[in-house]
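Each chain, written out:
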Amino acid sequence: MKRRAISLQNRKFHANVAAAALAGRYGIQAWHAFKTRPPKPKLRKFYDGGFQPTMTKREAALILGIRENATPDKVKEAHRKVMVANHPDAGGSHYLASKINEAKDMMLGKTKGSGSAF
């Protein structure tokens, strides 16, 4: 009886070692597959850098998050969304609000000089 009990314990031990080895092998294979996967294209690249001295149409489009050839309705909708997030009455910056308004004016063709009060 005693010999059989040891043998049964021995089998359980070997089964646990085999299970751990298979789990380790699977983990290593999954890690290698993860490391060698192709990089995902970034959905959106944010504008790095500050503002230009005079606003361009490209910069205005980047500020509003729209294309340079967007329709006036899209410009107004984008302006509204960005202003809600950055309005000075809601804790936003006066400087950013003036730049957002300047971007809207640039996109709608209402630019007069630099436009920004800052």
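Here the structure is shown first, and the text comes after it.
Nothing here was measured: the structure is a model prediction, and the numbers come from that model.

Draft legend 1. Inspection of the overall build of the protein at higher detail. If you tally the helices and strands in the protein, you get four helices and zero strands. Helices and strands in the protein line up, N terminus first, as α-α-α-α. Taken across its 118 residues, the protein has 17% of its residues classed as buried.

Draft legend 2. Region of interest: the nonpolar core. Ranked by internal contacts, the top residues of the largest apolar core, which has 14 residues, are Ala60, Leu64, Ile66 and Met107. Every element with two or more residues in this core is listed here: α2 (57–64), α3 (72–86) and α4 (94–108). Here the element with the most residues in this core is α4; it accounts for five residues. Once residues lying within four places of it in the same chain are set aside, the contact partners of Ile66 are Ala61, Lys74, Val75, Ala78 and Met107.

Draft legend 3. Examining the environment of His87 more closely. Of note, His87 is situated in the loop between α3 and α4. Distance in space between the C-alpha atoms of His87 and Ala97 is 6.1 Å, their sequence separation being ten residues. Polar contacts involving the side chain of His87 include one to the main-chain amide nitrogen of Asp89, which spans 3.0 Å.

Draft legend 4. A look at α4. With 15 residues, α4 should reach 21 Å at 1.5 Å per residue; the first-to-last C-alpha distance of 21 Å fits that figure. Looking only at α4, the buried set comprises Ala97, Ser98, Lys99, Ile100, Glu102, Ala103, Met106 and Met107. Contacts made by the buried residues of α4 are with α2 and α3. Of the residues that open α4, the one with a side-chain oxygen 3.1 Å from the backbone nitrogen of Tyr95 is Ser93. Two residues or fewer past α4, Gly109 is found with a positive phi of approximately 80°.

Draft legend 5. Structural detail: the pattern of salt bridges. Tallied over the full model, the rule gives two salt bridges. In this structure, Lys81 engages Glu77 in a salt bridge whose closest nitrogen and oxygen atoms are separated by 3.6 Å. Of the two residues, Lys81 and Glu77 are both situated in helix α3; the distance of four residues between them amounts to about one turn of the helix. Ionic pairing is found between Glu102 and Lys99, a salt bridge with its closest N-O pair at 3.6 Å. Of the two residues, Glu102 and Lys99 both sit in helix α4, three residues apart, roughly one turn of that helix. Under the relative-accessibility criterion, Lys99 is labelled buried at 5%.

Definitions and cut-offs
- Residues numbered from 1 in each chain as written.
- Predicted model: local features only at pLDDT ≥ 70, side-chain atom pairs only at ≥ 80, totals over all residues.
- Heavy atoms only, no water.
- Helix = DSSP H or I, 4+ residues; strand = E, 2+ residues; numbered from the N terminus.
- Buried < 20%, exposed > 50% of the residue type's maximum accessible area, 1.4 Å probe, protein only.
- Core = buried A, V, L, I, M, F, W, Y, C linked by side-chain atoms within 4.5 Å.
- Contact = heavy atoms within 4.5 Å.
- Polar contact = N/O pair within 3.5 Å; in protein donor to acceptor, adjacent residues only side chain to side chain.
- Expected span 1.5 Å × (residues − 1).
- Salt bridge = Lys/Arg side-chain N within 4 Å of Asp/Glu carboxyl O.

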